[in-house]
Amino acid sequence: TKNLSNDIILINVSIQVNNYCTNIYRSLLIDPEEKLVNEYKGLQAIHEFLIKSISIKKPICQVIKETLEFAKQSYPELLNRLPSSFGFGSGLEFRENLLQLNLKNERMLKVGFCLTIITSIEGLQINNYSKSSSMHLSDTVVVLKNGAVVLTGKVSREFSEVGYSLFNQNKT
């Protein structure tokens with residue numbers, strides 16, 4: 001058996017509440033190296049920026065463009081490892097294809113839209129594995145007049161809540 005060290009555990013929970021779909025992703029970091037901690041904090045900042053950028057006055061493509069510009073300015077080392085789509089609309093169907101969150105979608109956001117925001121980075125080299133790993137954050141939000149409310153916000157994204165030190169108590 002192999003001990004978990006400098007590893008990532010991905011947790012994805014999708015449920016229906018009153019026949020409406022919701023989704024949440026968290027990445028748990030086990031004894032992470034400093035580089036991985038910094039990448040996670042960048043991922044978290046990009047995810048939170050995207051959520052704060054949601055507005056009924058903007059088309060989806062503008063929200064994504066602003067998010068990518070934020071990533072370029074603040075976390076340029078992560079820019080090329082971000083996804084081409086940052087989620088989708090959700091409701092009675094888990095994935096509403098007309099509400100893909102990408103640069104091509106010119107639909108205007110409207111009050112009441114339910115969105116699954118998925119922010120991830122790929123290409124993480126961990127523990128000398130031959131394959132690269134990835135980290136994901138996902139939340140379900142509802143668009144309101146003055147932005148978005150995070151329905152899954154009670155599940156923390158803070159590193160202090162998702163970073164675990166099993167073998168080196170001074171690390172995290």
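Here the structure is a predicted model, which is why all the values come from computation and not from measurement.

Peer 1: Would you explain the overall build of the protein chain in this entry?
Peer 2: Looking only at helices and strands, the protein chain has 4 helices and 7 strands in total. Tracing the protein chain from N to C terminus, the helices and strands come up as β-β-α-α-α-β-β-β-β-α-β. Among the 172 residues that make up the protein chain, the fraction classed as buried is 48%. Pairs at least 24 residues apart make up 64% of the contacts formed inside the protein chain by residues separated by at least 6 positions. When the accessible area of the protein chain is evaluated, it comes to approximately 9700 Å², of which 51% is carbon and sulfur surface.

Peer 1: Sorry, what's going on with the confidence of the model for the protein chain here?
Peer 2: Close inspection of predicted coordinates is inappropriate in any region flagged by low pLDDT. On average, residues of the protein chain score 82 in pLDDT, and 83% of them reach the 70 mark or higher. Taking the mean pLDDT of every element in the protein chain, the minimum, 56, falls on strand E7 (residues 163-164) and the maximum, 97, on helix H2 (residues 60-74).

Peer 1: How do you make sense of the packing of aromatic side chains when you look at a structure like this?
Peer 2: Between two aromatic rings, the relevant description is the distance of the centres plus the angle of the planes. All told, the structure shown has 2 aromatic pairs when counted by the stated rule. The interplanar angle of 5° and the centroid separation of 4.4 Å between the aromatic rings of Phe 49 and Phe 70 together place this pair among those described as stacked. Residue Phe 49 is located in helix H1 (residues 34-53), and its partner Phe 70 is located in helix H2; the two are separated by 21 residues in the primary sequence. The exposure class of Phe 49 is partly exposed, given its relative accessible area of 26%. Taken together, the aromatic side chains of Phe 49, Phe 70 and Tyr 75 make up a single cluster linked through ring pairs.

Conventions adopted
Residues numbered from 1 in each chain as written. Predicted model: local features only at pLDDT ≥ 70, side-chain atom pairs only at ≥ 80, totals over all residues. Heavy atoms only, no water. Helix = DSSP H or I, 4+ residues; strand = E, 2+ residues; numbered from the N terminus. Buried < 20%, exposed > 50% of the residue type's maximum accessible area, 1.4 Å probe, protein only. Contact = heavy atoms within 4.5 Å. Areas by Shrake-Rupley, 256 points an atom, 1.4 Å probe, with all protein chains shown as cover. pLDDT = per-residue confidence, 0-100. Phe/Tyr/Trp six-rings, centres within 6.5 Å; stacked < 30°, edge-to-face > 60°.

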